[in-house]
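What the coordinates show
Each chain is listed here by its residues.
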Amino acid sequence: MKKSVFFLLPSTRRFFRVGRRTMNFSLKNLLNGYIYGRWIYHYIGFGTREHSFTRRFPTLTSFLFKIFNPSNKSTADNEPVTFADTYHGKVICLDEAKKIVTLNKKIDIQDLEQVIPYKLARSIILENPLHLAVLDCPCRLVRQKHCKPVDVCIIAGEVFTSFVLEHHPDKSRKISVEEAVEILEAEHRRGHVHHAFFKSDLFGRFYAICNCCGCCCGALQAWQRGTPMLASSGYVCKADQSLCTGCGVCVRFCQFGALSLEDGRIVIDEERCLGCGVCVSKCKENARWLELDPSRGTPLDLDALTN
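All residue numbers refer to positions counted from 1 along the written sequence of the respective chain. Note on the predicted model: pLDDT of at least 70 is required for a residue's local features to be given, and 80 or more for side-chain atom pairs to be given and counted; whole-chain, interface and lining totals, by contrast, use all residues. Only hydrogens and water are removed before side-chain values are computed, so all heavy atoms of the structure are retained for them.

**Here we look at the packing of aromatic side chains**
Any pair of aromatic rings gets described here by the distance separating the centres and the angle formed by the planes. Counted only if it meets this: Any Phe, Tyr or Trp ring, taking Trp's six-membered ring, that has another such ring centre within 6.5 Å forms a pair; planes under 30 degrees apart are called stacked, those over 60 apart edge-to-face, and the others tilted. A 1.4 Å probe rolled over the protein chains alone gives each residue an accessible area, and that area as a share of the maximum for its type sets the label: buried under 20%, exposed over 50%, partly exposed in between. Look at NZ for Lys and CZ for Arg. If either is within 6 Å of the ring centre and within 35 degrees of the ring normal, a charge sits over the ring.
Following the criterion strictly, the structure yields 16 aromatic pairs and no others. Considering the side-chain rings of Phe83 and Tyr87, the 6.0 Å spacing of their centres and the 90° angle between planes classify their relative orientation as edge-to-face. When its relative accessible area of 11% is taken as the criterion, Tyr87 is described as buried. In this structure, Lys199 is placed above the aromatic ring of Tyr36, and the distance from its NZ or CZ to the ring centre is 4.9 Å. Here the guanidinium or amino end of Lys199 rests over the ring plane of Tyr87, the centre of that ring lying 4.8 Å away.

The following block contains the structure:
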């Protein structure tokens, strides 16, 4: 049996080969992407400040954050690059999430500034999109009290699926298209939000569909604190007050704090609404719907984008 070169797993070697072929991809990008994927639970623990190391060694933690802080970078037009440009999620509705996990062809779409409004994300690339795995959610597992179930992060395409399966065999498993759809539907019923996640140090590609709750998700909590890590779906919630009974169910399920109940009426804070559609599905009176809002960008509709 032939031994792995330098004891690297096959997926690690493929990861580095893809990195070397990626245009304008530096060694720092490659190493940061590898560290993120290889030790993702520690990485997310550091990012959310839930890891015990961050509390025991705050000075060293701050130093490590500065090393990987992208604030000193800029794009070709000399605009500064923020953290949200390098690591963020696009809110997607359930139907759009299903389309991603049921794709049967490679996706390579360019010039998507209105869909992905970040300086370092202008395209969607999915290699072998039907290669799917589910990973135990790092954001949930780093919390002492977390939501269940934890196996809700869907990894899509290569080289990411193979990398996760080989490096996290105890926390991941390969899944079929049908299983991926079941996970999405179950999380939607729980009122959780689907995000298509992008990280610049993972070759500038979308690599995962995360199903997020406000109590555990690091990106959602960062957004709540003012870091624009999440892009709107392109929709905004609207309501017919004549049909609304003021039951407040939609308020309890809104992960963005965009809904409130005042004098028996639902008030929508459209600035906070990112158009996930959870409240629409929870309204038994059909008093909610999503409406396109061009000012919030274009939905991640792969049917429309690939035609």
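**Here's the deal with the environment of Pro138**
Here is the rule we go by: Think of it this way: any DSSP run of H or I at least four residues long counts as a helix, any run of E at least two long counts as a strand, and we number them from the N terminus. Any two residues having at least one pair of non-hydrogen atoms within 4.5 Å are treated as being in contact.
Structurally, Pro138 is set in helix 8 (residues 138-141). Sequence separation between Pro138 and Ile40 is 98 residues; the distance between their C-alpha atoms is 6.9 Å. For Pro138, the residues in contact, after removing those within four places along its chain, are Ile40, Tyr41, Ile44 and Cys153.

**Regarding the environment of Val152**
Here Val152 is to be found in strand 4 (residues 151-158). A relative accessible area of 1% places Val152 in the buried class. Leaving out residues up to four positions away in the same chain, Val152 has contacts with Val134, Leu135, Cys137, Arg140, Ile183, Glu187, Ile209 and Asn211.

**Remarks on the confidence of the model for the chain**
Keep this limit in mind: Across the chain, each position has a pLDDT score giving the predictor's confidence in that residue, from 0 to 100.
A residue-level look at the chain finds 89% of positions with pLDDT of 70 or above and a mean pLDDT of 87. Element-level mean pLDDT values for the chain span from 66 in helix 5 (residues 58-67) up to 98 in strand 5 (residues 172-175). Low pLDDT, under 50, characterises residues 1-5; the predicted model gives this stretch two contacts beyond four residues in sequence or across chains.

**Looking at the pattern of salt bridges**
Test applied: Here a salt bridge means any side-chain nitrogen of Lys or Arg lying within 4 Å of a carboxyl oxygen belonging to Asp or Glu.
Tallied over the entire structure, the rule returns 11 salt bridges. Taking the shortest distance from any N to any O, the salt bridge between Asp151 and Arg173 comes out at 3.0 Å. Within this pair, whereas Asp151 is found in strand 4, its partner Arg173 is found in strand 5, the two being separated by 22 residues in sequence. The class of Asp151 is partly exposed, set by a relative accessible area of 24%. Sharing partners across several salt bridges, the network here consists of Lys99, Asp301 and Asp303.

**Some details on the nonpolar core**
The line we're drawing: The criterion is simple. A nonpolar core is a set of buried Ala, Val, Leu, Ile, Met, Phe, Trp, Tyr and Cys residues joined through side-chain atoms within 4.5 Å.
Ile154 and Phe256 are the most contacted members of the largest nonpolar core, which totals 75 residues. If sequence neighbours within four positions are ignored, Phe256 has contacts with Val91, Val193, His195, Leu220, Trp223, Leu230, Arg272, Leu274 and Cys276. One finds Cys250, Ile266, Cys273 and Cys283 within the second-largest nonpolar core, a separate group that totals 11 residues.

**Things to note about unusual backbone geometry**
Cis geometry marks the peptide bond from Lys148 to Pro149; its omega dihedral reads 0°. Looking at the element boundaries, Pro149 is found in the loop between helix 8 and strand 4. Cis geometry is adopted by the peptide bond preceding Val159, which originates at Glu158 and carries an omega value of 15°. Mapped onto the elements, Val159 comes out in the loop between strand 4 and helix 9 (160-167). Here Asp111, not a glycine, exhibits a phi torsion of approximately 55°, which is positive. Along the polypeptide, Asp111 turns up in the loop between strand 2 (107-109) and strand 3 (124-136). With relative accessibility at 73%, the residue Asp111 sits in the exposed group. At Phe203, a position not held by glycine, the phi torsion is positive, near 65°. Along the chain, Phe203 falls in the loop between strand 6 (193-199) and strand 7 (205-212).

**What about the pairing of strand 10 (residues 259-262)?**
Let me state the cut-off plainly: Here the rule is simple: two strands pair whenever DSSP picks up at least two bridges between them.
Pairing of strand 10 with strand 11 (residues 265-268), which is carried by four bridges, proceeds in the antiparallel orientation. Note that in strand 11 the partner of Leu259 across the bridge is Ile268. If you look at the hairpin formed by strand 10 and strand 11, you'll find two residues sitting between the two strands, and Asp263 has a positive phi there, around 50°.

**Here's the deal with the packing of helix 7 (residues 94-101) against helix 10 (residues 177-189)**
To keep things clear, this is the line we draw: Note on method: axes are straight lines fitted to C-alpha atoms, helices fitted across the in-contact stretch only, with angles between N-to-C directions ranging 0 to 180 degrees. Angle categories are assigned with fixed cut-offs, so that under 35 degrees is roughly parallel, over 145 is roughly antiparallel, 65 to 115 is roughly perpendicular, and the rest are oblique. For any helix crossing, the convention is left-handed if the near helix is rotated counterclockwise from the far helix by under a right angle, and right-handed if that rotation is clockwise. The residue classification treats Ala, Val, Leu, Ile, Met, Phe, Trp, Tyr, Cys and Pro as nonpolar and Asp, Glu, Lys and Arg as charged. All others, Gly included, are polar.
One way to put it is that helix 7 packs onto helix 10 with a least axis distance of 9 Å and a crossing angle of 165°. As judged from the angle between their axes, helix 7 and helix 10 are roughly antiparallel. Judged by the twist between their axes, the crossing of helix 7 over helix 10 is right-handed. Residues Leu94, Ala97, Lys98 and Val101 of helix 7 lie in contact with helix 10, whose contacting residues are Val177, Ala180, Val181, Leu184, Glu185 and His188. Of the residues that constitute the contact of helix 7 with helix 10, the class distribution is seven nonpolar, one polar and two charged.

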